[in-house]
There are 4 protein chains.
Amino acid sequence: MTATAPRHLSPRKRPRQQRAAVTVDAIFEATIQVLLSEGIHRLTTTRVAERAGVSVGTMYQYFPHKQALLYALNERYLDIVAERVERACQQHRGATTAAMVEALVTAYWKAKTERSEVTRALYRSAVELDNEALIEAFAERMDAATIAMLRSAPDAHYADIALVNVTLLSVIFGTVRNVFERNLPLQVQADIRRQLTTMCLSYLEASGG
Amino acid sequence: MTATAPRHLSPRKRPRQQRAAVTVDAIFEATIQVLLSEGIHRLTTTRVAERAGVSVGTMYQYFPHKQALLYALNERYLDIVAERVERACQQHRGATTAAMVEALVTAYWKAKTERSEVTRALYRSAVELDNEALIEAFAERMDAATIAMLRSAPDAHYADIALVNVTLLSVIFGTVRNVFERNLPLQVQADIRRQLTTMCLSYLEASGG
Amino acid sequence: MTATAPRHLSPRKRPRQQRAAVTVDAIFEATIQVLLSEGIHRLTTTRVAERAGVSVGTMYQYFPHKQALLYALNERYLDIVAERVERACQQHRGATTAAMVEALVTAYWKAKTERSEVTRALYRSAVELDNEALIEAFAERMDAATIAMLRSAPDAHYADIALVNVTLLSVIFGTVRNVFERNLPLQVQADIRRQLTTMCLSYLEASGG
Amino acid sequence: MTATAPRHLSPRKRPRQQRAAVTVDAIFEATIQVLLSEGIHRLTTTRVAERAGVSVGTMYQYFPHKQALLYALNERYLDIVAERVERACQQHRGATTAAMVEALVTAYWKAKTERSEVTRALYRSAVELDNEALIEAFAERMDAATIAMLRSAPDAHYADIALVNVTLLSVIFGTVRNVFERNLPLQVQADIRRQLTTMCLSYLEASGG
DNA sequence: GATGAATGAGTCTTCATTCAT
DNA sequence: GATGAATGAAGACTCATTCAT
């Protein structure tokens, strides 16, 4: 994420040493654990620190306050998702539209559902967090990646690629979230995913013929 | 909503009398106000009561605890949305698939975005609320309504209507949420909505030809 | 004290009922007790509440934060001192200069030393409290009272009464503070007080002959 | 200051080497800076160390704990003030009473007001510091210096020089503090200072004729 | 010797909930 | 039935002090 975080939300210090990096990772992991096992209203700084095996004081050395921790956690998460999607887009430049859609849906779907519990937890953690900037940055990054990919399609040309793209992403991202928030049976999820792919492909074909 | 709310979340008493209903409504409205003006972490029982013009004690007469209030609030909200969608479905039985899709997207989109601030506020309030039952009930109700409508289409017949329907709803609901959570410019929102309608229509035509 | 306290330092609610007044008084008294027995760095809200026999929550109902408590405490204290001095001034209008000085020194000295421990405690509590307004208001009040008294002297007339008066008060107030902060033996304190009175009288005679 | 500091308040080691002295001075200066810029409740060891350009660890090498630092700081400050007053007294042995008073008031006044911000800051830092011993030692030192001077006056002889002296010092020290704590306009301050000098001179003349 | 990351007891403050009036 | 003062457990955050590197 290259989004410059609101000043007050940025980590107090960048972990430079090995040990620090380990500590920060432990804190992130602990946050997720607590979120999963206790829920967001029991996500307290003390509990996180305890679970991470560090003292509260140490935690505050890395994150000036709770919000900064959650912000950073979301940032890291979105970063990972973004990277995966970007990689998929990169790898499918010049491919057929069908392959592109397949790749895009798959990449996003997997990124979101592989550790679906974590995803769910993070959605919760984001509430009441001023993370619009984060979301915005993520969206722009995705936009750039998918547009570049779509543009490279040998079998299609889009009149209004911006609109096609924002629609495509909205539909995919939205559907994925909706599906796994409803906790539908895995089989149904898989079915929907296939349908979604088909639907998107038709859309692209209709738009970029 | 016919979902039987988890026992501990149901209101202490059903507002039967006139006065009670007024009070409850005032409390609901106050909750939304506070949510909007102060954010979820400043949503306190005292503040809600104050804004509603009643004492905390009175509030506790109607809602045994804070969660029950939020639960009821969400319930009421989903109820309203569900009703609007149901009505649209009802009114389009026997219509063309195109009309149906248009009606469905419109009904849901409007219900969600007309008071988008409120919607957003409610999403927040729902976090950490054990409202799966609520969501589930809402989903089922929607399912029933839309399936009934789709079945009545003179111009289509669906092999696996359950799958088609769940996909359709997932896509619509998900996209709407995604769009308005990103706070896109109104023009873009309108564009996407049109695209979404088209996309869904193609999907149905492809599935139900 | 008619000084309008900085908004953020004013008590949350004016005690209207009997019970409330009692509670507030208990809190004030407890604060002084803790200040005396534990020192300012052990003056915690919890400790004060405990000593006052109320819960922290209750304390916060009356004082929005610790500073407000200390501010109010000082305000109340200065009010009492001011009243006593004012009364003395009032009662000596038209008296001889000698009687005036005697009365002024006595009134202030007594007000400050009668519960000298408390005075000392309050001086401490005032540190790092934005109480300039308080001090200023007190000073003005004293100024007004003493000037009115001095003006009424039948045996003196002051060319620059403002300067004479501010000097007089600075000397008296300063000396008193200095004396009792040094914790001199009572006998010495009494001696100094007499000397101070004499000194001030000479000063006034020299200035107002 | 020859006052033997309470054992637990004395610096861990006397700065014998050049480097140490420099460091200690930097720490003192930093303390004052922080006190001025941040206020006493933000005067933390870390902040002081940082501003002084040393590590906390190093600071603890010189001062076993925070109190020791503040104690030493006050000690140093009083030492400087004491020295200046002593020098003035020394230089006016055998002078006229008028010259003596003038010199005394001037010396103390200047010492206190030249860096009045610092003085103020130090008063704050002394709160909740067991510095009675310090004050006492300072007082005795001043006593000795002024008594010696007064005794050498060719134009006066005091029956009870101890009382006269303690009164004199109490009045001067107290007034100075009072004046500059009230932050009066400079012009008024200067006026009061002149009045104070006159008043003290009359007093001495009346007492030592 | 110097460093500064880590510690965790201790602070202030909030807020859901109760219950005497 | 309504009120709102009182409660106190629990949370976020600070900071003097230590000690491994």
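In this text the structure is predicted, and so the values were computed from the model without any measurement. (Residues numbered from 1 in each chain as written. Chains lettered and ligands numbered in written order. Predicted model: local features only at pLDDT ≥ 70, side-chain atom pairs only at ≥ 80, totals over all residues. Heavy atoms only, no water.)

Undergrad: Would you mind going over the overall build of chain A with me for this structure?
TA: Tallying secondary structure elements over chain A gives nine helices and zero strands in all. If one aligns the C-alpha atoms of chain A with their principal axes, the spans along those axes are about 60 × 35 × 30 Å. Taken across its 209 residues, chain A has 53% of its residues classed as buried. Contacts spanning at least 24 positions in sequence make up 74% of the contacts within chain A whose residues lie at least 6 apart. Accessible area of chain A: about 9700 Å², with a carbon and sulfur share of 50%. (Helix = DSSP H or I, 4+ residues; strand = E, 2+ residues; numbered from the N terminus. Buried < 20%, exposed > 50% of the residue type's maximum accessible area, 1.4 Å probe, protein only. Contact = heavy atoms within 4.5 Å. Areas by Shrake-Rupley, 256 points an atom, 1.4 Å probe, with all protein chains shown as cover.)

Undergrad: Mind showing me how you'd approach the protein's contact with DNA strand E here?
TA: What surrounds DNA strand E is a group of 32 residues, the closest being Thr58 of chain A, Thr45 of chain B, Tyr60 and Lys66 of chain C together with Thr58 of chain D. At 2.5 Å from a phosphate oxygen of DNA strand E is found a side-chain nitrogen or oxygen belonging to Thr58 of chain D. Within the residue set of the surface near DNA strand E, elements represented by two or more residues are α1 (18-38) and α3 (56-62) of chain A, α2 (45-52) and α3 (56-62) of chain B, α2 (45-52) and α3 (56-62) of chain C together with α3 (56-62) of chain D. (Near = heavy atom within 4 Å. Polar contact = N/O pair within 3.5 Å; in protein donor to acceptor, adjacent residues only side chain to side chain.)

Undergrad: Just to check I follow, could you spell out the packing of helix α8 (residues 161-181) of chain C against helix α8 (residues 161-181) of chain D for this structure?
TA: Relative placement of two packed helices is described by the angle separating their axes and the distance separating the axes. Look at α8 of chain C against α8 of chain D: their axes get within 7 Å of each other, and the N-to-C directions meet at 115 degrees. As judged from the angle between their axes, α8 of chain C and α8 of chain D are roughly perpendicular. Note on packing geometry: the crossing formed by α8 of chain C with α8 of chain D is right-handed. Each of Ser170, Val171, Phe173, Gly174, Thr175, Arg177, Asn178, Val179 and Glu181 of chain C in α8 of chain C lies in contact with α8 of chain D, whose residues at this interface are Ser170, Val171, Phe173, Gly174, Thr175, Arg177, Asn178, Val179 and Glu181 of chain D. For the contact of α8 of chain C with α8 of chain D, the class distribution of residues is six nonpolar, eight polar and four charged. (Axes fitted to C-alpha atoms, helices over the stretch in contact; angles between N-to-C directions. Parallel < 35°, antiparallel > 145°, perpendicular 65-115°, else oblique. Left-handed = near helix turned anticlockwise from the far one by under 90°. Nonpolar A, V, L, I, M, F, W, Y, C, P; charged D, E, K, R; others polar.)

Undergrad: Can you help me understand the environment of Glu114 of chain D in this one?
TA: Residue and element names in this part refer to chain D. Along the chain, Glu114 turns up in the loop between α5 (97-113) and α6 (116-126). With sequence-adjacent residues up to four places away left out, Glu114 is seen in contact with Arg84 and Trp109. Separated by 2.9 Å, the side chains of Glu114 and Arg84 make a polar contact.

Undergrad: Sorry, what's going on with the relation of the copies chain D and chain C here?
TA: Each of the two copies of the chain can be brought onto the other by a rotation about an axis and a shift along it. Between the two copies, chain D and chain C, the superposition gives an RMSD of 0.2 Å; the rotation angle is 179 degrees and the shift along the axis is 0.1 Å. The transformation relating the two chain copies, once decomposed into turn and shift, fits a two-fold axis. Ranked by how close their C-alpha atoms come to the rotation axis, the residues of chain D are headed by Gly174 of chain D, at 1.9 Å. A symmetric contact is evident, with 97% of the interface residues of chain D recurring at the interface of chain C. (Least-squares fit on C-alpha atoms with pLDDT ≥ 70 in both.)

Undergrad: In this structure, what is going on with the relation of the copies chain A and chain B? I would like to understand it.
TA: After a rotation of 180 degrees and a shift along the axis of 0.2 Å, chain A superposes on chain B with an RMSD of 0.2 Å. With an isologous cut-off of 70% or more, the 97% of interface residues of chain A that recur at the interface of chain B puts this contact in the isologous class.

Undergrad: Honestly, the packing of aromatic side chains in this entry has me stumped. Any pointers?
TA: Geometrically, a pair of aromatic rings is defined through the distance of the ring centres and the angle of the planes. One pass over the structure, following the stated rule, counts 16 aromatic pairs over all chains. Plain terms: the ring middles of Phe28 of chain A and Phe63 of chain A are 5.7 Å apart, the flat faces sit at 55 degrees to each other, and that makes the pair tilted. Taken together, the positions of Phe28 of chain A in helix α1 and Phe63 of chain A in the loop between α3 and α4 (66-91) put the pair 35 residues apart, joining distant regions of the chain. The burial state of Phe28 of chain A is the same as that of Phe63 of chain A; both residues are buried. Put simply, the rings of Tyr108, Phe138 and Phe173 of chain A touch in pairs and so form one group of aromatic residues. Taking the ring centre of Tyr123 of chain C as reference, the NZ or CZ of Arg177 of chain C above it sits at 3.8 Å. (Phe/Tyr/Trp six-rings, centres within 6.5 Å; stacked < 30°, edge-to-face > 60°. Lys NZ or Arg CZ within 6 Å of the ring centre and 35° of its normal.)

Undergrad: Honestly, the protein's contact with DNA strand F in this entry has me stumped. Any pointers?
TA: Of all residues adjacent to DNA strand F, which total 32 residues, the nearest are Lys66 of chain A, Thr58 of chain B, Gly57 and Thr58 of chain C together with Thr45 of chain D. Taken together, the sugar and phosphate atoms account for 71% of what DNA strand F places within 4 Å of the protein. Ser55 of chain B has a polar side-chain atom sitting 3.2 Å from a phosphate oxygen of DNA strand F. Here Gly57 of chain C contributes a backbone N or O atom positioned 3.4 Å from a base nitrogen of DNA strand F.

Undergrad: What am I meant to see in the interface of chain A and chain B here?
TA: With 32 residues of chain A at the interface, the matching set in chain B holds 31 residues. Summed over both sides, the interface of chain A with chain B buries roughly 3000 Å², with 62% coming from carbon and sulfur. If you look at where chain A meets chain B, you find two salt bridges. Among the salt bridges present, the one from Glu181 of chain B reaches Arg177 of chain A, with a minimum N-O distance of 3.3 Å. There are four residue pairs in polar contact (both at pLDDT 80 or more) connecting chain A and chain B. Mapped by element, the contributors of at least two residues to the side of chain A that touches chain B are α7 (132-151), α8 (161-181) and α9 (186-208) of chain A. The class makeup of the residues in the side of chain A that touches chain B is 15 nonpolar, nine polar and eight charged. (Buried area = accessible area lost by both parts, 1.4 Å probe. Salt bridge = Lys/Arg side-chain N within 4 Å of Asp/Glu carboxyl O.)

Undergrad: Sorry if this is basic, but what is going on with the interface of chain D and chain C here?
TA: Contacts between chain D and chain C engage 31 residues on the former and 31 residues on the latter. Interface of chain D and chain C: buried area, both sides summed, is about 3000 Å²; carbon and sulfur atoms make up 62% of it. It is Glu128, Arg182 and Met199 of chain D that lose the most area in chain D upon contact with chain C, and together they represent 23% of the buried surface on that side. There are two salt bridges connecting chain D and chain C. Between the two partners, chain D and chain C, sit four residue pairs in polar contact (both at pLDDT 80 or more). For the side of chain D that touches chain C, the secondary structure elements donating two or more residues are α7 (132-151), α8 and α9 (186-208) of chain D.

Undergrad: Is there a simple way to think about the side chain of Arg177 of chain D in this case?
TA: Positionally, Arg177 of chain D belongs in helix α8. Apart from residues lying up to four places away in sequence, Arg177 of chain D is in contact with Arg177 and Glu181 of chain C together with Tyr123 of chain D.

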